[in-house]
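Descriptive structure summary
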Amino acid sequence: MSRFRLPAIRLFTLAGVPVQVHGSLVALLMAAVLGAGLLAGWREALRQGLWWLLLFGAVLLHELGHLAAARLLRVPVTAVVLWPMGGFTAVRLSPGRFRAELGIALAGPSVNLLLALLIAGLGGWEGPGARWRPEVVFGWLNLLLGLFNLLPVFPMDGGRILRSALAMALGEGWGTWLALRVGQAGALGIGGLAIWQFRHQDAGGLVTMLIAMWLLGQTLQETQQLRRRERLQQIPLVSHLQPLPLAVNDRIPEPAARRLLQHSGQPILPVEEAGRWPGGLVRMGDGLRRLDLPSLDATASLGAAWLCLAQSESPGVLVLRAGRPAGWIPRERVEALARELPAGWP
């Protein structure tokens, strides 16, 4: 995953989706367990190891809930990753699918809360010494994880639930803006809780403050992305178009297509299939490679191209005019334009 420097380790594959643990989490867990062993002996190290295992077991089940909901709603999932701040399920959600976003966001906390209720219903929280039994700890962790994720703060599930509900009622722009403002207020409230903990000499205030700072940073970053997207929506796509004067159909022999690419200087050769333009050919060594490309009408904006590329790994967007290729815009160009635009203070 590009957001991390350390590699992710694949645990297993479920329904064609890799479930991974990030290297930074492995390093953190090893440091915590070894540190506990050095300071308090091997028994404490085992207790620490079991606690972390139960915690991230609950996180994994939470993320698998997201994965199951996404599959049921026909939303592509590229990976499930566990990392030090919890976990995330990378989905490619098409713009405007707010009901799908709502269902996927609800699924994770629902898994945790149902597990907590199941453990309580089976009587696992009762009896002498029940407080520290592994199944009771697991139940409490699921309860707290489910409730915490329902806080209306981006990028947690509660923030996504609020955003999707507001977007359905008020439209995407206003819904996202209001949800982010609520999220910023929530992050500041968690920061206030950390200050209260500090004043009462509670060492847990440090963890609370780190969580508040991370959440506030995420909401501010999301707000800047929203501002950039709004500015990109005002820029016509054709103003940054790279022309593609040559296009072919899927019956062209490969040697002919290779010569066309070589002499035209085009980076890509669009290919027609049954009246559609699903992609094109690029040079790859001495041969050709077929690329699938999303397409947009020439009347679209750069914001539409930005959204298309955010939902795929395609190297660019094919631009059509009157049903035929007029050109394309590479991913690098769209991303560079997005970076050049001032986001403004959220």
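One structure accompanies this document, and this report is about it. The residue numbering used here restarts from 1 in each chain and proceeds along that chain's sequence as written. In keeping with the model being predicted, local features are shown solely for residues with a pLDDT of at least 70 and side-chain atom pairs are shown and tallied solely at 80 or more, while totals for entire chains, interfaces and linings include all residues. Hydrogens and water are ignored here; the side-chain numbers use all heavy atoms of the structure.

Section: the overall build of the protein
Helix and strand content of the protein: 10 helices and 12 strands. Each of the three principal axes of the protein carries a C-alpha extent, and together these read 80 × 40 × 40 Å. To sort residues, take the accessible area from a 1.4 Å probe on protein chains only and compare it with the maximum for the residue type: under 20% means buried, over 50% means exposed, and anything in between is partly exposed. Looking at the protein as a whole, 40% of its 346 residues qualify as buried. A distance of 2 Å separates the average location of the 32 positive side-chain charges in the protein from that of its 21 negative side-chain charges. Going along the chain from the N terminus, every DSSP run of H or I of four or more residues is numbered as a helix, and every run of E of two or more is numbered as a strand. By the counting rule applied here, Lys and Arg register as positive and Asp and Glu as negative, while His and the ends of each chain are not counted. To locate a charge, the coordinates of NZ of Lys, CZ of Arg, CG of Asp or CD of Glu are taken.

Some words on the sheet that holds strand 4 (residues 86-91)
For two strands to be treated as a pair, DSSP must find no fewer than two bridges joining them. Strand order in the open sheet formed by four strands is 1-2-3-4, and the pairing between neighbours is mixed. Each having just a single partner strand, strand 1 (8-14) and strand 4 make up the two edges of the open sheet. Neighbour to neighbour, the strand axes of the sheet diverge by 20° on average, direction disregarded. Inspection of the sheet shows strand 3 (residues 77-83) paired to strand 4 by six bridges, in the antiparallel sense. Pairing of Leu-82 across the sheet is with Gly-87, part of strand 4. Each axis is a line fitted through C-alpha atoms, and for a helix only the stretch in contact is used; angles between axes span 0 to 180 degrees, taken between their N-to-C directions.

Some details on the sheet that holds strand 10 (residues 295-297)
Strand pairs in the sheet, formed through backbone hydrogen bonds, run parallel or antiparallel to each other. Taken together, four strands build an open sheet; the order of strands is 5-12-11-10 and the sheet is mixed. This sheet does not close on itself; its edge strands, each paired only once, are strand 5 (242-243) and strand 10. In this sheet, strand 12 (residues 324-330) lies alongside strand 5 in antiparallel orientation, the contact comprising two bridges. Its bridge partner being in strand 12, Gln-242 is matched across the sheet by Trp-328. Any two residues having at least one pair of non-hydrogen atoms within 4.5 Å are treated as being in contact. Docked against the sheet, helix 10 (residues 331-340) engages strand 11 (316-321) and strand 12, running at close to 55° with respect to strand 12.

Side note on helix 2 (residues 42-72)
By definition here, a helix of n residues has an expected span of 1.5 Å times n minus one. The end-to-end C-alpha distance of helix 2, which contains 31 residues, comes to 44 Å, matching closely the 45 Å that a straight helix rising 1.5 Å per residue would cover. Arg-74 occupies a position one or two residues after helix 2 and carries a positive phi of about 60°.

Topic: helix 3 (residues 98-121)
Across its 24 residues, helix 3 extends 34 Å between first and last C-alpha, which sits within 8% of the 34 Å expected from 1.5 Å per residue. The angle between axes fitted to the seven-residue stretch ending at a residue and the seven-residue stretch beginning at it gives the bend at that residue. Maximal helix bending in helix 3 amounts to about 25°, located at Ala-107; proline Pro-109 follows within four positions. All of the buried residues in helix 3 are Phe-98, Ala-100, Glu-101, Ile-104, Ala-105, Ala-107, Gly-108, Pro-109, Asn-112, Ala-116 and Ile-119. Where the residues of helix 3 are buried, they touch helix 2, helix 4 (134-149), helix 5 (157-170) and helix 6 (172-199).

Details of the side chain of Thr-208
If you trace the backbone, Thr-208 turns up in helix 7 (residues 205-232). Beyond its immediate chain neighbours, meaning those up to four positions away, Thr-208 contacts Ile-190, Leu-193, Ala-194 and Gln-197.

With respect to unusual backbone geometry
Between Phe-154 and the following residue, Pro-155, the backbone shows a cis peptide bond with an omega angle of 0°. Mapped onto the elements, Pro-155 comes out in the loop between helix 4 and helix 5.

Focus: the packing of helix 2 against helix 3
The contact between helix 2 and helix 3 brings their axes to 7 Å, and the two run at 140°. As the angle between them shows, helix 2 and helix 3 are arranged oblique. Here the hand of the crossing between helix 2 and helix 3 comes out right-handed. Only Gly-103, Ile-104, Ala-105, Ala-107, Gly-108, Pro-109, Val-111, Asn-112 and Leu-115 of helix 3 make contact with helix 2, whose side of the interface consists of Ala-58, Leu-61, His-62, Gly-65, His-66, Ala-69 and Ala-70. Each residue gets one label: Ala, Val, Leu, Ile, Met, Phe, Trp, Tyr, Cys and Pro are nonpolar, Asp, Glu, Lys and Arg are charged, and the others, such as Gly, are polar. The residue inventory of the contact of helix 2 with helix 3, partitioned by class, reads 10 nonpolar, six polar and no charged. Roughly parallel means an angle under 35 degrees; roughly antiparallel, over 145; roughly perpendicular, 65 to 115; everything else is oblique. Working rule for handedness: look at the near helix, and if it is turned counterclockwise from the far one by less than a right angle, call the crossing left-handed; if clockwise, right-handed.

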